[in-house]
Amino acid sequence: MTDKELKHLIESNAKTVQAMLYEMAEARQERQELREGMLQIQSAVAQLTNIQERITNLLISIDGDRPTILKKLSALEIKLDQLLQQNLTDELG
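Residues numbered from 1 in each chain as written. Predicted model: local features only at pLDDT ≥ 70, side-chain atom pairs only at ≥ 80, totals over all residues. Heavy atoms only, no water.

K.L.:
Could you give an account of the overall build of the protein chain, naming the residues involved and the relevant values?
P.N.:
On a plain count of helices and strands, the protein chain comes out with two helices and zero strands. Its C-alpha atoms give the protein chain a radius of gyration of 38 Å, clearly above 12 Å, the size a compact globule of 93 residues would have. Overall, the C-alpha framework of the protein chain stretches about 130 × 25 × 10 Å when taken along its three principal axes. Classification of the 93 residues of the protein chain by burial places 0% in the buried group. In the structure as shown, the protein chain presents an accessible area of about 9000 Å², 61% of it carried by carbon and sulfur atoms. (Helix = DSSP H or I, 4+ residues; strand = E, 2+ residues; numbered from the N terminus. Rg over C-alpha atoms; globule rule 2.2 N^0.38 Å. Buried < 20%, exposed > 50% of the residue type's maximum accessible area, 1.4 Å probe, protein only. Areas by Shrake-Rupley, 256 points an atom, 1.4 Å probe, with all protein chains shown as cover.)

So this is what it looks like as structure tokens:
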């Protein structure tokens, strides 16, 4: 192998090694970005879980402390039925 061929082979290998190092650095950067993204997703899931628990507790509190609209409507319906029944009794009597 001549000096020129050897020099060309060394340059070619150096370029190959440099390209491999560049690809490794890119892959490392992508892995780091993926790790950061996963941490952000985990944080978002934790926040959503916390919000869901707070909403559930709020709904339980509202249902326990105050009548819900359905309960109010049911009470109104019962009262209306009683008034109509009383009105019919008064008209017949």
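Having seen the structure, we can now continue with the description.
K.L.:
Describe a nonpolar patch on the surface, and please don't skip the residues or the numbers.
P.N.:
Taken together, the side chains of L48, I51, I55, L58, L59 and I62 define a hydrophobic patch exposed on the protein surface, amounting to about 560 Å² of accessible area. Mapped onto the elements, L58 comes out in helix α1 (residues 3-65). (Patch = residues over 30% accessible without salt bridge, like charges linked within 9 Å, V, L, I, M, F, W, Y side chains within 5 Å. Salt bridge = Lys/Arg side-chain N within 4 Å of Asp/Glu carboxyl O.)

K.L.:
Talk me through a negative patch on the surface; I want residue IDs and the actual numbers.
P.N.:
Together, E23, E26, E30, E33 and E36 line one region of the surface with negative charge. When you line up the elements, E33 lands in helix α1. For E33, a relative accessible area of 47% corresponds to the partly exposed category. (Lys, Arg positive; Asp, Glu negative; His and termini not counted. Charge placed at Lys NZ, Arg CZ, Asp CG, Glu CD.)

K.L.:
Now, about the environment of K7: what can you tell me, with residues and values included?
P.N.:
With respect to the helices and strands, K7 occurs in helix α1. The spatial distance from the C-alpha of K7 to the C-alpha of T56 is 73 Å, given a sequence separation of 49 residues.

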